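Fold and contact review
Spelled out from the first residue to the last, the chains are:
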Amino acid sequence: RGFARGEVEVAHGGYDAASGLADPNRLLPVDAVRQLEREGVIGTVLSRYYVTCGNHGILEQMARYAREIAAELRAERVDGVLLVAT
């Protein structure tokens, strides 16, 4: 299943998050990805997702997070990722 209204929070100072709060699946399209999984178009989808901060992130920390996330995804034998941005 995807996200329901009220299940997520958006902390973003660069745009009006009202549409994303109204339908969180437009920010992170879990509903569409789960549908592709059910149809057999893609394999099993992880039960978690990763989120990092954007424009206020310290570059060294962001690089460390990227290495750590990549290592976890490799350990899970993930073949592909969906990168979304706001």
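Above this text sits the structure in question.
Everything numeric in this text was worked out from a predicted model, so none of it was measured. (Residues numbered from 1 in each chain as written. Predicted model: local features only at pLDDT ≥ 70, side-chain atom pairs only at ≥ 80, totals over all residues. Heavy atoms only, no water.)

This paragraph deals with the pattern of salt bridges. In total, this model carries 5 salt bridges according to the counting rule given. Linking arginine 34 and glutamate 37 is a salt bridge whose minimum nitrogen-to-oxygen distance equals 3.0 Å. Here arginine 34 and its partner glutamate 37 are both found in helix α2 (residues 30-38), 3 residues apart, which amounts to about one turn of the helix. Of the residues examined, arginine 34 reaches a relative accessible area of 18% and is grouped as buried. Overall, glutamate 37 belongs to the partly exposed group, its relative accessible area being 22%. Within this structure, Asp23, Arg26 and Asp31 form a network of salt bridges that share partners. (Salt bridge = Lys/Arg side-chain N within 4 Å of Asp/Glu carboxyl O. Helix = DSSP H or I, 4+ residues; strand = E, 2+ residues; numbered from the N terminus. Buried < 20%, exposed > 50% of the residue type's maximum accessible area, 1.4 Å probe, protein only.)

Between the first and last C-alpha of helix α3 (residues 59-75) there are 24 Å, a value that for 17 residues agrees with the 24 Å anticipated at 1.5 Å per step. Among the residues trailing α3, arginine 77 stands out with phi positive, at a value near 60 degrees. (Expected span 1.5 Å × (residues − 1).)

All right, on to a nonpolar patch on the surface then. A grouping of Leu36, Val41 and Ile42 is seen on the molecular surface, where their side chains present a nonpolar patch of about 230 Å² in accessible area. Following the sequence through the fold, valine 41 ends up in the loop between α2 and α3. On the accessibility criterion, valine 41 (54% relative accessible area) is exposed. (Patch = residues over 30% accessible without salt bridge, like charges linked within 9 Å, V, L, I, M, F, W, Y side chains within 5 Å. Areas by Shrake-Rupley, 256 points an atom, 1.4 Å probe, with all protein chains shown as cover.)

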